[in-house]
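# Residue-level structural notes
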Amino acid sequence: MDTLSYKTKSANRNTVEKQWLLVDAEGQTLGRMASKVAKILRGKYKTDFTPHVDCGDNVVIINAEKIQLSGNKWQDKTYLRYTGYPGGQRSTTAEELLAKNPSAIVEKAVKGMLPKNRLGAELFRNLRVYVGTSHDQEAQKPKTINLNDLK
C-alpha cells in the first residue's frame, strides 16, 4: 500500500529567514497597528511559524507621532508606573506621553501584545520606532509593507 508521509518541520535559529520591514504609522489606529506588528515580530504570518522560536521579522516603524486614537482616548487613556516607594504610583495620559516621547506609545502598545517571557523580550529587540520619516536602518534596505493588506 502506498502511503504519504508528512513530517512537521520546526524552525530553529539557523533555518529562520529574517527580513527587514518598514511600516508607516501615519493615519493608523494604535491598537490595530500594534497587533499586526506584534504578529509580524512573532512570525505568525510565516508558514514555518514555531511558537518557541524567534522566527519573526525585524520591523521599523516611522512617523510614530502621527498615530490615531479613537474617541476620547487621548485624554482618558492612562499609563501607570510605580516608583517602588509608598504612594509612588504615577500616571500619564496618552496626550502627555505623545508630547514627551511619541515613540513610547507605539512601543508600549506592541510590547503589551508580545509574550511576557524571555522570548517576548527577544522579539521586542527586533522592533525599531522612529519619530519622523528618517530612520537609521537604511543599510538593511527595509521593504515597505502596507498593514491594511494584512488580516
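Nothing here was measured: the structure is a model prediction, and the numbers come from that model.

In this section: the overall build of the protein. Within the protein one finds five helices and six strands. When the helices and strands of the protein are read in sequence order from the N terminus, they spell out β-α-β-α-β-β-α-α-α-β-β. Taking the principal axes of its C-alpha atoms as reference, the protein extends roughly 70 × 40 × 30 Å. Residue burial in the protein is summarised as follows: out of 151 residues, 39% are buried.

Let us look at the environment of Lys77. Summarising the element assignment, Lys77 is placed in the loop between helix 2 (73-76) and strand 3 (78-82). For the pair Lys77 and Glu17, spaced 60 residues apart in sequence, the C-alpha to C-alpha distance is 38 Å. The residues contacting Lys77, other than those within four sequence positions of it, are Thr92, Thr93 and Ala94.

Before going further, it helps to examine the packing of helix 1 (residues 30-42) against helix 4 (residues 102-111). Two elements in contact, helix 1 and helix 4, have axes separated by 8 Å at closest approach and are oriented at 60°. Relative to helix 4, helix 1 is oriented oblique. Handedness of the helix 1/helix 4 crossing: right-handed. Here Leu30, Met33, Ala34, Val37, Ala38 and Leu41 of helix 1 come into contact with helix 4, specifically with Ile105, Val106, Ala109 and Val110. Looking at the contact of helix 1 with helix 4 residue by residue, the classes come out as ten nonpolar, no polar and no charged.

A word on the side chain of His135. Note that His135 resides in the loop between strand 5 (127-129) and strand 6 (143-144). The exposure class assigned to His135 is buried, which follows from its relative accessible area of 10%. Among the polar contacts made by the side chain of His135, one reaches the main-chain amide nitrogen of Gln137 at a distance of 3.2 Å. Apart from the residues lying within four places of it in its own chain, the contact partners of His135 are Leu22, Val60, Ile62, Tyr130 and Pro142.

Counting 30 residues, the largest nonpolar core has Val37, Ile61 and Val106 as its most contacted members. Only strand 1 (20-24), helix 1, strand 2 (58-62), helix 3 (94-100), helix 4, helix 5 (118-124) and strand 5 provide two or more residues apiece to this core. A per-element tally of this core places helix 1 first, with seven residues. Excluding residues within four positions of it along the chain, Val106 makes contact with Leu30, Met33, Ile61, Ala64, Ile67 and Val129. Membership of the second largest hydrophobic core comes to five residues, among which are Trp20, Val60, Ile62 and Tyr130.

The subject of this paragraph is the pairing of strand 1. With four of five residues buried, strand 1 lies mostly within the body of the structure. Handedness of the crossover is the feature at issue here: the chain leaves strand 1, passes through helix 1, returns alongside strand 2, and the resulting connection is right-handed. The pairing of strand 1 with strand 6 spans two bridges and is classified as parallel. The residue of strand 6 that forms the bridge with Leu22 is Thr144.

Side chains that differ in charge, positive against negative, can pair when their charged atoms come close. In total, this model carries two salt bridges according to the counting rule given. Lys18 is the salt-bridge partner of Asp54, the closest N and O atoms lying 3.2 Å from each other. Taken together, the positions of Asp54 in the loop between helix 1 and strand 2 and Lys18 in the segment before strand 1 put the pair 36 residues apart, joining distant regions of the chain. In this structure, the salt-bridge partner of Asp57 is Lys46, at a minimum N-O distance of 2.8 Å. Highlighted residues: Asp57 in the loop between helix 1 and strand 2 and Lys46 in the loop between helix 1 and strand 2, separated in sequence by eleven residues.

Definitions and cut-offs
Residues numbered from 1 in each chain as written. Predicted model: local features only at pLDDT ≥ 70, side-chain atom pairs only at ≥ 80, totals over all residues. Heavy atoms only, no water. Helix = DSSP H or I, 4+ residues; strand = E, 2+ residues; numbered from the N terminus. Buried < 20%, exposed > 50% of the residue type's maximum accessible area, 1.4 Å probe, protein only. Contact = heavy atoms within 4.5 Å. Axes fitted to C-alpha atoms, helices over the stretch in contact; angles between N-to-C directions. Parallel < 35°, antiparallel > 145°, perpendicular 65-115°, else oblique. Left-handed = near helix turned anticlockwise from the far one by under 90°. Nonpolar A, V, L, I, M, F, W, Y, C, P; charged D, E, K, R; others polar. Polar contact = N/O pair within 3.5 Å; in protein donor to acceptor, adjacent residues only side chain to side chain. Core = buried A, V, L, I, M, F, W, Y, C linked by side-chain atoms within 4.5 Å. Right-handed = clockwise from strand over helix to strand, strands pointing away. Pairing = 2+ DSSP bridges. Salt bridge = Lys/Arg side-chain N within 4 Å of Asp/Glu carboxyl O.

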